[in-house]
Amino acid sequence: MQSPGKPDGDAGDRFSSSLRSIEEDVGPLSPVQKILITTDGSVTRLLEAFTGSGIGIVTLHQQTVESSPPESAVLDVNPGEAVNHRIVEIRRTDTGAVLLHATSFTPLSRLEPEWRQDLVRADVPIGKILAGHKIEARRELLDVGLEPAGVKMAGIFGIDPGDLLLKREYRIIHRGLPLIDIHEKFPLQSFSRGAGVVIRAPSRLHFGLIDLHGGLSRVDGGIGLALSHPATILSARLAPELHVEGGTPEMNRRAAEAALSILARQGISGGAFLTLHASPPEHVGLGAGTALGLSAARAVCELYRIELPVRDLARAVGRGGTSGVGTGAFEFGGFLLDGGHSFGKSADKESFLPSAASKGLSPPPLIARHAFPEEWKILLVIPHGLLRVYGEEERDLFARACPVPEGEVGETCREVIMRVLPGLVDHDLDLFSAGVNRIQHLGFKEVERSHQPPLLGDLLRSLRSAGAACTGMSSFGPTVFCITDSSPEALERAARETLQGMPASFIHTSAANKGALIRTL
C-alpha cells in the first residue's frame, strides 16, 4: 500500500483488487457488505438505512496517548504527539446488537475546542460530531481485508473465535490534513441476507488408511487433517432448473450430480444456480471431490431449508465409502481419526474398495477429533508431472494389493495410538512426527507411495533433510506435505532443488480447525 500521507490515484483499482482477493478467499460479498467496507460516507447513516433501526454507540475505552510511529505516519504528525484514542461499539438502539467495532486516533492539536469537547464526550458518533459542527471533511479509504475474530472480538459480536471479520481503515481529512484515523470491523456473516448461500469447505490431507487386512472384521479406518487452503468455495441461488458453472467440466458434473441427488431424494421439482469459485486441484490427494459433493449438497439443503446430517449428505452423494476424513473435515475440521467399516459377508463391505467404488455406504464413525496446533506450519508440494491415481486404476490397485500384512496393520495402529495422537494432544511435534513418518512406510500407505516414481521419495527425503519434522504423501498423491514449527521457506527451496525445474505448485497453508463455513448471500 502506498504511504498514507500520499493519496493514491489508482485507489479505485487497488480496492477493487482487494475486494476480488477477499471474494477469492470466502466467496461473494453482498452489496451491503461491499458498501460498508468501501463507502466514503457516514457509516452510521448507512447502518440506520440498512437496519431500519436507530444507531447508537457505546464507548469502551477513551484516553489521551502518545502516537506510535506507524500511527504518526498515518496521521502525518510527529511520533509521541498527543492523540485521542477511542474504542467504541456501534449498536442498534432497538435490540442492542453490536453491528460494528471501531477504533479511532485523533491528534488533539487539530481539534477546535468545541470539537474536542464533543469528541471526548462518550457515546457521540464521529459522523454526528462532524455534521453538528458543519465540519467540511472527506473520507480517504486506506485498506480493506479479512482477519480471524479471536477471543476478544468473538465475545463482542457473539461469534466463534475462528469466524472471520471484514475490516477497513480510513482517514477523515480536514483542510488537507488527517483529522481522524479509524479502524472498523464487523463479522463476515453480518449484512449478507438474501436468496442465496456460500459454502467454503476445507480441503484435507489423508495420512493413511489403517487396516486393509480385515482380520478383525473391520477395514479401512483413516487419519487425516483439514486444511484452511486450498478451499472449495461454492455459491448457490434458487432457480427453476439446475445449472452449474465456474469449474472444469468434470467438477461441474460432480456438483450437478450431488445437487440432483438431494433434489430427487426430497422430491423437489425446483433447481438451483451453482457457481464454483474455487477448488483444490482434482485427483491430487486433497479431497476435492468430497468437498465439492458435500458443498453442493449442503448448498441445496440451505436453499430449500432441508435439515440433513453431514453423514446423510455424504451417503447421498456417494462419498465416505472408505475414509471418513473428508466428511469429518467438512463437518468439524481439525485432525481426524475414523473407525472404518464392518467387513465380511453381509457387512458394510465384502471386498477392498476405494470410496469412489463404495457407493451407498455411510461414512465410517469418527472416533477421535482434535484441534491441530496453530504454531505448526504446513507446506504442500504438488509436482505436476507425477501420477494421478483414480477411477479404475485406483480400484485395480486395491484389488491387487489387499489384504496387506497383518503385522503392518498392527504397527500402524500402535503408531497412531501411542505417538501420533499423544503428540498432537501434547503439542509435541517430535513425537507426532515420529509416528507420521513411520506410517508412511507401513501397510497400504507404502503401497500408495510405491506406485509413484522414485522422484517422490527423493522429494520426501530432501524435505526431511532441510528440516521438516515430518513428511508424507496425501492419499495416492502426488501431493506431498511437510510440517514444521519453523520457517517453511527453506523447505520450499529444498523441494525446488530436488524437482530440478519440474513444474509444481507450492502452497503454504495451515490446519482448518473448523468445518465448512456456511453463510447466506
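Residues numbered from 1 in each chain as written. Predicted model: local features only at pLDDT ≥ 70, side-chain atom pairs only at ≥ 80, totals over all residues. Heavy atoms only, no water.

Chemist: Which residues make up the sheet that holds strand β5 (residues 164-174), and what values do they have?
Modeler: Taken together, the six strands give an open sheet; going across it, the order is β1-β2-β3-β6-β5-β4, and neighbouring strands pair in antiparallel fashion. Pairing within the sheet leaves two strands with one partner each, and these edge strands are β1 (55-66) and β4 (138-148). Strand-to-strand, the axes of this sheet are offset by a mean angle of 15 degrees, without reference to chain direction. With 11 bridges connecting them, β1 and strand β2 (residues 82-92) associate as antiparallel partners. The residue of β2 that forms the bridge with Val 65 is Val 83. Contacts from helix α2 (residues 31-38) reach β4, β5 and β6 (177-187), with the element oriented near 40 degrees to β5. Contacting β1, β2, β3 (98-107), β5 and β6, helix α3 (residues 43-51) crosses the sheet at an angle of about 160 degrees to β1. (Pairing = 2+ DSSP bridges. Helix = DSSP H or I, 4+ residues; strand = E, 2+ residues; numbered from the N terminus. Axes fitted to C-alpha atoms, helices over the stretch in contact; angles between N-to-C directions. Contact = heavy atoms within 4.5 Å.)

Chemist: Now, about unusual backbone geometry: what can you tell me, with residues and values included?
Modeler: The omega torsion of the bond from Cys 402 to Pro 403 falls at 5 degrees, within 30 degrees of zero and hence cis. Across the junction of Gly 477 and Pro 478, the peptide omega takes the value 5 degrees, indicating a cis bond. Structurally, the position occupied by Pro 478 is in the loop between β15 (470-473) and β16 (480-484). Backbone geometry places Asp 220, a non-glycine residue, at a positive phi of 75 degrees. Following the sequence through the fold, Asp 220 ends up in strand β8 (residues 218-239). A relative accessible area of 2% means that Asp 220 is categorised as buried. (Buried < 20%, exposed > 50% of the residue type's maximum accessible area, 1.4 Å probe, protein only.)

Chemist: Give a description of the side chain of His 341 that names residues and reports values.
Modeler: Inspection of the secondary structure puts His 341 in strand β12 (residues 341-342). There is a polar contact of 3.0 Å between the side chain of His 341 and the side chain of Asp 220. At 3.0 Å, the side chain of His 341 forms a polar contact with the backbone oxygen of Ser 362. (Polar contact = N/O pair within 3.5 Å; in protein donor to acceptor, adjacent residues only side chain to side chain.)

Chemist: Account for the pairing of β6, naming residues and giving values.
Modeler: In terms of burial, β6 is largely enclosed, as eight of its 11 residues are buried. Bridging between β3 and β6 involves five bridges; their strand directions are antiparallel. Paired with His 101 across the strands is Lys 185, a residue of β6. Note that β5 and β6 share 10 bridges and pair antiparallel. Bridged to Glu 169 within β6 is His 183. Taking the residues between adjacent antiparallel strands as the criterion, β5 and β6 are bridged by two residues, where Arg 175 takes a positive phi near 55 degrees.

Chemist: Outline a negative patch on the surface, supporting the account with residue identities and numerical values.
Modeler: A grouping of Glu 374, Glu 375, Asp 426, Asp 428, Asp 430 and Asp 485 is seen on the molecular surface, where their side chains present a negatively charged patch. Tracing the sequence through the fold places Glu 375 in the loop between β13 (366-370) and β14 (377-383). Residue Glu 375 is classed as partly exposed on the basis of its relative accessible area, which comes to 39%. (Patch = residues over 30% accessible without salt bridge, like charges linked within 9 Å, V, L, I, M, F, W, Y side chains within 5 Å. Areas by Shrake-Rupley, 256 points an atom, 1.4 Å probe, with all protein chains shown as cover. Salt bridge = Lys/Arg side-chain N within 4 Å of Asp/Glu carboxyl O. Lys, Arg positive; Asp, Glu negative; His and termini not counted. Charge placed at Lys NZ, Arg CZ, Asp CG, Glu CD.)

Chemist: Break down the pattern of salt bridges for me, with residues and values.
Modeler: In total, this model carries 20 salt bridges according to the counting rule given. A salt bridge links Arg 200 to Asp 25, with the nearest nitrogen and oxygen atoms 3.0 Å apart. With Arg 200 in strand β7 (residues 196-211) and Asp 25 in helix α1 (residues 11-26), this pair connects stretches of sequence that are 175 residues apart. For Asp 25, a relative accessible area of 31% translates into the label partly exposed. In this structure, the salt-bridge partner of Glu 89 is Arg 91, at a minimum N-O distance of 2.5 Å. Here Glu 89 falls in the buried class, since its relative accessible area comes to 5%. Given the relative accessible area of 28%, Arg 91 is considered partly exposed. Salt bridges here are not isolated pairs; linked through shared partners, they connect Arg 138, Glu 140 and Arg 171.

Chemist: Any details on the environment of His 283? Residues and values, ideally.
Modeler: In this structure, His 283 sits in the loop between β10 (271-278) and α9 (288-303). For His 283, a relative accessible area of 18% corresponds to the buried category. C-alpha separation for the pair His 283 and Phe 444, spaced 161 residues apart in sequence, amounts to 18 Å. Residues contacting His 283, with those up to four places away along its chain left out, are Glu 250, Arg 254, Arg 388, Tyr 390, Gly 477 and Pro 478. Of the polar contacts made by the side chain of His 283, one reaches the side chain of Glu 250; its length is 3.2 Å.

Chemist: Give me the side chain of Asp 220: which residues, what numbers.
Modeler: Here Lys 349 takes part through its side chain, which lies 2.9 Å from a polar atom of the side chain of Asp 220. The residues contacting Asp 220, other than those within four sequence positions of it, are Leu 209, Ile 210, Asp 211, Leu 212, Gly 321, Thr 322, Gly 340, His 341 and Lys 349.

Chemist: If you had to explain the packing of aromatic side chains to someone new, which residues and values would you point to?
Modeler: On inspection of all chains with the given rule, the structure shows 11 aromatic pairs. Ring geometry for Phe 398 against Phe 444: centres 4.6 Å apart, planes inclined by 45 degrees, an arrangement best described as tilted. Here Phe 444 lies in helix α15 (residues 443-450) and Phe 398 lies in helix α12 (residues 392-401), a separation of 46 residues in the sequence. Ring pairing ties together the aromatic residues Phe 207, Phe 335, Phe 372, Trp 376, Phe 432 and Phe 481, which thus form one cluster. (Phe/Tyr/Trp six-rings, centres within 6.5 Å; stacked < 30°, edge-to-face > 60°.)

Chemist: Any chance you could break down the environment of Ile 483 for me, citing the residues and the numbers?
Modeler: Tracing the backbone shows Ile 483 in strand β16. Of the residues examined, Ile 483 reaches a relative accessible area of 0% and is grouped as buried. Separated by 104 residues in sequence, Ile 483 and Leu 379 place their C-alpha atoms 6.6 Å apart. With residues near it in sequence (within four places) discarded, Ile 483 still touches Phe 207, Phe 372, Trp 376, Lys 377, Ile 378, Leu 429, Phe 432, Ala 468, Ala 469 and Cys 470.

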